[in-house]
Structure formats: C-alpha cells, structure tokens
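A closer look at the structure
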Number of protein chains: 2
Amino acid sequence: MSSLVSTRILYFILLLALSVAPVAAQFSPFRPLPAQPPIPDDNVQSPAKIALGKTLYFDPRLSGSGRTTCQQCHNLAYGAADGMAYSTGDDGTLTKRSAPTLWNVGFYTIWFWDGRAATLEDAVERHLMETNAMNGGSAEELSRRISAISGYGEQFRAAFGSDAVNSQSIAQALSSFLRTLVTQDSAFDRFLRGDKTALTETQQRGFEVFVDSGCASCHFWVSLAGPVPGLAFQIGEGFYELFPNYPDAPSDRKYKFSADLGRFHVTGDEADKRLFRVPTLRNVAHTAPYFHNGAVTTLKEAVRVMAEAQLRVDFSDAQLDDVVAFLNSLSGQYPPISVPQLPQ
Amino acid sequence: MSSLVSTRILYFILLLALSVAPVAAQFSPFRPLPAQPPIPDDNVQSPAKIALGKTLYFDPRLSGSGRTTCQQCHNLAYGAADGMAYSTGDDGTLTKRSAPTLWNVGFYTIWFWDGRAATLEDAVERHLMETNAMNGGSAEELSRRISAISGYGEQFRAAFGSDAVNSQSIAQALSSFLRTLVTQDSAFDRFLRGDKTALTETQQRGFEVFVDSGCASCHFWVSLAGPVPGLAFQIGEGFYELFPNYPDAPSDRKYKFSADLGRFHVTGDEADKRLFRVPTLRNVAHTAPYFHNGAVTTLKEAVRVMAEAQLRVDFSDAQLDDVVAFLNSLSGQYPPISVPQLPQ
C-alpha cells in the first residue's frame, strides 16, 4: 500500500475518532452540504455579480470562435457536464480529460483533475484561454471582445463599480455564479441531519460498505471529495489521490487510466505521477461517464473499478448494488436557474 | 418590378384599405403579438408536453454525436439563435444558411428559409435528422436512443398517455415548447394597443418610413413576416419573397445573396429562384447577423441593403437611423425559462 494512501487512512481514522469524541461532536467525516461554499475575501458575492456571471456563462462571445459557451460542456441541464468521455473544445480538438460536473464546484480547494488552479477564479480564467476549452485568446483579446459589447457596461458597473472589463473581472463574475451551483437537501443530507428514514435500508447498507471498505477515506466531508478545511494531512496544496492506486489492477489494463499521469503533467515531479484531485461524489448518479478519461459509463462498474483499483477489494454484486443505491442518495436539489438574456 | 412584388403590394394596399374602413376596424396590417400562436388540432398544448419539449431542447442525446443540443444554435439567451453567419452542425460541417431566431417561430405558416416544412412539427423532425443540424440518424435510431433513457418514460406518458417514444412525439413535444417562445409587450405592441407614447418620435418617424417606402408590404401582421391567415394572395403554400428583388443591386455583388437560390433548391421550379420565406422582424435588434447567409452584421446596414436590393430606394442616413430606431421597438419581453434537468 502506498504511503499516500496510508496517510489518507490515518487522516480518516483521526476524523472518525473526532466524530465519536463527545467533546468534539461537531466533527464528523461527513457534513450536510452548506447553502454556500467558502467565499474568498477578494471576490465577495453580490446579486449583480452573480447575475453577470450567469449571463457570461451562456455567452458564446467569450470563446475564440464565437460558438462555444460554458453551458456547452457544463450543461446545467445535464449534470453541469456533457455526458461525454471527452469534450470538443472551441478549437475543434478534444479535451484531454472528461469535463467534471460544476455542481458544488465551489467546495473544492484545488481545481481541475490535475489541480493546476489553486482558486476557482484562476481555474475559470485559465479555462477561458485554454485552446481546447473556450479558446478565448489572450487576456487582452478576451477583454477587448467583451468590452465591445456595450450592453455589458452597465452589468460590469453594477457588479464591480466600473465598466472596465478584463479577464479577472470576467473570471470573478463567473466564479460568483459558479458558487451558487449548490445542490442541497439530498437524501444523504437529510440522513446526516438526523432523519434516519431518509436512506432506504439498501442505501444504509451501501453507506456501511462505503465507510467500512475505505471509500470514505478519500470521499468524505461536505462534498465527499475531502479535505476538511483547516485540518492538516493534505497532500501538497490540495487533495490528491493516486489513481489507480494499484496499476496492476485488471481494470487499468481495460480502461487505461494510468496512461494519464495526472498532476505529474503539471509539476514534472515523479512523486506526482498518477495523482488526481479526488472528485466530488455529489450527484454522481447524474454525471456519467466516470473517471478522468470518462472510460466507464455505468455507476456500478465505476464502483467495482474503484474497489479493485484503489482498495484491492472485490465487492460482491449485492455490495455493488448497495453502494450504487447509497451513491444515488447523494443527488441533491438543483437550484432554479432562469435563462439570462445576453446584452448586445 | 416583378409580378410577385406587384402582387404583394396589391395585397398590402388591400390591407391598408381594410384597416381604414370603419366597418372593418379590426383589420390592420399590423397586430399586437398574441400570447400564443395558432395551435394545430393534432398537437394541442399541455403543460406536460411543453415541459417535455423544454427538456428535450437541452438534451444533447437527440444528436448523432451526443454533443449537440437545440440550445447550441438556438441559444435562448442569445436571440434563440447563435450570432453566427453559419452554424456548425452536429456532423461538424457548416449549415448552408444562418440559424434564424426561434422566438415567435409558431407564428410562421411555412418553416426554414426555403419553406421546406409546412408545419412546425415537420420542421423540427427534419432538423433532428439533417446531418448539418442535429444529425440524429434515422427515425428509428433517434427513437431507440431516447427510448433507452428510462427517465423519459414518465414524461412521455404524462405528455402523450404512452411512453412510446418516436420521432413524431419528440417533434410534437419540441414544437409545443417552441410555441411558448413568444415575446409580447414590445414598445410597438403597446403603440398598436393605443399608447401613442410607447414609440419615441424617432421611432414613429421610422415607422412612417417603414410603411411609406414599402418595407411593410412584406413585413406586416403579428410578427411582421406576413401573411394574414385566411386571406388570399399567398404565393404558393407559404409567404415567400424574391431576395434580392434587384439582383443587380451593388449590395448583392458585395454580399452574394443571390448565390443561394432559396426555394428553387427545394422545388427545382424556375419560378422559385431566389424566393425566401419572409423572416420575422420581431426582436430583430437581437438577432444579428442578418439575411439567409448572415452576411450583414449591423441592423443599419441590413436596412440599407433591404431598401436598395428590394425597393431600389436609397434611404438617407437619417431615414436609416429612424427605421433602425423603429425596429428596436420590436424587441419584446422574453418569457422566463428555467433550465430543466435531464432524465437519466
């Protein structure tokens, strides 16, 4: 077993211990999803900024070709993703990894599968420029293009007190909107809040398998993607995991997960080979296909693969069904989003 | 002047005459936009059918690649079009004509620029199959793909009393949703209803130019796209116009409108060369670029071109500004549309 996973399991045991300690009843490895993720001091929420961000989300003029919107690959009707293994970027090429859901994206502490952004704002700004994403050109080109849309002036003034458009303010507004993409009140949240009938018996059995087998040693806290803010035991600046943990697993031969070395491609550090950010499991039943390469189309197979490649465990068919039932309890309520109207 | 245009002007004079006749005060060449377009007997509206249609509108699984939604080229945030001269179809090729707005699409009597569909349902069903549109495959393939999404069963039952999915029921649901895309209460509508202050003086001058110069001989009735249902003087089964009416106009050399022979490509009939469906002017300020080939990017230039190529008239700069101001009065209120959640 790798030292990373050992560290992770120690961390989880600590959390479990804290969660049963009467003096620290507020500690638990799981928490109901708050209404709002952490808000950075340098980008506080405001209704005007959120509205601007939503408008930009639907605006193809952010993209280099004028054809691609955020909504295209992070379809708010479709798990805030696109159901594809790889997405088609604005430059017509395929992305190198599968578009993750943006629901609850504000609860991460690092962004992208490889953690190449340390803030949501940075993630958005990079993605606006990346050619196989929005392909927006340089920061200057993007700013010039959006500045030329006179109808945006008033919205930027309302959001930022100035109609100066730049890639930072665009990213800030989009990030503010993204932080509203929170799916509260799943059955699991109601269960955590004390309604023990919120999970079916099958789901409760699945939850037990999930915890006892070790799934929860990485998938915990509010979005079942770790980590607990303010606690130590983080690996690097974010929350990464080896995947596959056992590259000799048959599923890696089948699905070729380890063809992508994850965070290593960012840092060049041998120790970062096959490290990926732990993804949220919230709404996982609505965000197929699975894994960084989107190679697995069903949730049941994804659970089987995780058990085999991460924990060297073979779940029985009944266990797989139980865990899948539990994962279905993580589907929350989607907040109402009205389609904006773009300025001219 | 072609006989088609002569016929059209006779028709318009008849309407004008009717509109001033005291015994027929209800006749006017212009009418406020009703809340709902005509509903066909074989596809009555229902909340369940409209909801299903909206869901399908955001579902990329209708498309052959699984990547394209109706929303992609008919972006409900962006004039129900995409702001491009030509759209990229699901097969990666460009469309041959510019995506028209779908706002108020239910008020047409023929569909597509070349009128190749006589009902909205037919237009939708064809577009689902056309390779440079949704590229959905055969009717059987489309049906099989959507039938395989078990979560749709309940929605189809609620809409049609049966969970049988086929290309007709898909097109019916989508059409029912499209018939809700009505933008009432523009300044012009309030003006027509008797509020003479609803148009600015500039807009009223532009309206006079619009009527007196002959723009209104084709652009009239509820959606300023003709024709008046139940009245004669229709050309063929729809409402077409020669464009350009004067192919020797300098603007045709510049913008190459007549490179596309319009309805002729459907019928092969010489008399149909350069015939195009008259497009709505509702929300025209929000649906650039203009014309079947999207060759003109500004509304002012579009008005200048129309005057030159259709009426052989040179508007003064002041007249152009006035007509553009009037056309801005045709922007209505967009109905609220909440983003649906797709079934699995």
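Residues numbered from 1 in each chain as written. Chains lettered and ligands numbered in written order. Predicted model: local features only at pLDDT ≥ 70, side-chain atom pairs only at ≥ 80, totals over all residues.

**Brief notes about the overall build of chain A**
Spelled out, the test is: Strands here are runs of E lasting at least two residues and helices are runs of H or I lasting at least four, both read from the DSSP assignment and numbered beginning at the N terminus. The burial criterion counts other C-beta atoms lying within 10 Å of a residue's C-beta, which is placed from the backbone; the residue is buried at 20 or more, exposed at 12 or fewer, and partly exposed between these limits. What counts as a contact is two residues whose backbone-derived C-beta atoms lie within 7 Å of each other.
The helix and strand tally for chain A stands at 13 helices and 2 strands. Evaluated residue by residue, chain A yields a buried proportion of 52% over its 344 residues. A sequence separation of at least 24 residues applies to 70% of the contacts in chain A between residues at least 6 apart.

**Quick word on the relation of the copies chain A and chain B**
Rules: The copies were overlaid by least squares, fitting only the C-alpha atoms of residues that reach a pLDDT of 70 or more in each copy.
It takes a turn of 180 degrees to lay chain A on chain B, together with a shift of 0.0 Å along the axis; the resulting RMSD is 0.0 Å. As the rotation angle and translation indicate, the two copies are arranged about a two-fold axis. Among all residues of chain A, the minimum C-alpha distance to the rotation axis is found for Ser-338 of chain A, at 2.0 Å. Taken together, the interface assignments show that 100% of the residues at the interface of chain A recur at the interface of chain B, consistent with an identical surface on both copies.

**Some details on the environment of Ser-338 of chain A**
Within the secondary structure, Ser-338 of chain A is located in the segment after α13 (317-328). Sequence-wise, Ser-338 of chain A and Lys-54 of chain A are 284 residues apart; in three dimensions their C-alpha atoms are separated by 9.2 Å. Residues contacting Ser-338 of chain A, with those up to four places away along its chain left out, are Pro-336, Ile-337 and Ser-338 of chain B.

**Considering the confidence of the model for chain A**
Residue and element names in this part refer to chain A. Where we set the bar: Scored between 0 and 100, pLDDT is the confidence that the predictor attaches to each residue.
When pLDDT is averaged along chain A, the result is 91; 89% of the residues meet or exceed 70. The low-confidence segment residues 232-237 (pLDDT under 50) makes 8 contacts with residues lying over four places distant or belonging to another chain. For this predicted complex, the interface confidence comes out at an ipTM of 0.92, alongside a pTM of 0.93.

**Some words on helix α2 (residues 47-57) of chain A**
Restricting attention to buried positions, one finds in α2 of chain A the residues Lys-49, Leu-52, Gly-53, Lys-54, Thr-55, Leu-56 and Tyr-57 of chain A. Each element contacted by the buried residues of α2 of chain A is listed here: α3 (70-73), α6 (152-160) and α7 (167-178) of chain A.

**Overview of the environment of Arg-126 of chain A**
All names here are of chain A. Of note, Arg-126 is situated in helix α4 (residues 120-129). The partly exposed category is assigned to Arg-126, around which 17 C-beta atoms lie within 10 Å. Along the chain, Arg-126 and Ala-139 lie 13 residues apart, while their C-alpha atoms are 9.7 Å from each other.

**Topic: the domain arrangement of chain A**
Residue and element names in this part refer to chain A. Convention followed: Where each domain starts and ends comes from a domain assignment, either automatic or drawn from a database. As a working rule, the residues Ala, Val, Leu, Ile, Met, Phe, Trp, Tyr, Cys and Pro are called nonpolar, Asp, Glu, Lys and Arg charged, and the rest polar, with Gly in that last group.
Partitioning chain A into domains gives domain 1 (3-30 + 184-328) and domain 2 (41-178). Among the secondary structure elements, those contributing two or more residues to the side of domain 1 that touches domain 2 are α11 (264-267) and β2 (275-277). Looking at the side of domain 1 that touches domain 2 residue by residue, the classes come out as 13 nonpolar, 11 polar and 4 charged.

**Let's talk about the packing of helix α2 (residues 47-57) of chain B against helix α6 (residues 152-160) of chain B**
All names here are of chain B. For clarity, the cut-off: Only the stretch in contact is used when a helix axis is fitted, and all axes are lines through C-alpha atoms; the angle between N-to-C directions ranges over 0 to 180 degrees. Comment on the angle field: the value is read as roughly parallel under 35 degrees, roughly antiparallel over 145, roughly perpendicular from 65 to 115, and oblique elsewhere. Crossing handedness is read from the near helix: turned anticlockwise from the far helix by less than a right angle, it gives a left-handed crossing, and turned clockwise, a right-handed one.
Relative orientation of the contacting elements α2 and α6 amounts to 140 degrees, with a least axis distance of 7 Å. As the angle between them shows, α2 and α6 are arranged oblique. For the crossing formed where α2 meets α6, the hand is left-handed. In contact with Ala-48, Lys-49, Leu-52 and Thr-55 of α2, α6 contributes Gln-155, Phe-156, Ala-158 and Ala-159. Class assignment for the residues of the contact of α2 with α6 results in 5 nonpolar, 2 polar and 1 charged.

**Concerning the packing of helix α9 (residues 201-213) of chain A against α13 of chain A**
All names here are of chain A. Orientation of α9 relative to α13, taken along the N-to-C sense of each, is 105 degrees, at an axis distance of 7 Å. The pairing of α9 with α13 is recorded here as roughly perpendicular in orientation. Packed against α9, whose contacting residues are Thr-202, Gln-203, Arg-205, Gly-206, Phe-207, Val-209 and Phe-210, the element α13 presents Gln-319, Asp-322, Val-323, Ala-325 and Phe-326 at the interface. Residue composition of the contact of α9 with α13, grouped by class: 6 nonpolar, 4 polar and 2 charged.

**Things to note about unusual backbone geometry**
Residue Phe-243 of chain A is joined to Pro-244 of chain A through a cis peptide bond whose omega torsion reads -10 degrees. The topology assignment puts Pro-244 of chain A in the loop between β1 (240-242) and α10 (250-255). Phi angles above zero are rare outside glycine, and Lys-256 of chain A is one such case at about 55 degrees. Looking at where Lys-256 of chain A falls in the secondary structure, it is placed in the loop between α10 and α11. Backbone geometry at Asp-185 of chain B places phi at a positive 65 degrees, although glycine is not the residue there. By the secondary structure assignment, Asp-185 of chain B is in the loop between α7 (167-178) and α8 (187-192).

**Re the environment of Gln-168 of chain A**
Residue and element names in this part refer to chain A. Following the sequence through the fold, Gln-168 ends up in helix α7. Under the C-beta neighbour-count criterion, Gln-168 is labelled partly exposed, with 17 such atoms within 10 Å. C-alpha of Gln-168 to C-alpha of Phe-191: the two residues are 23 residues apart in sequence and 40 Å apart in space.

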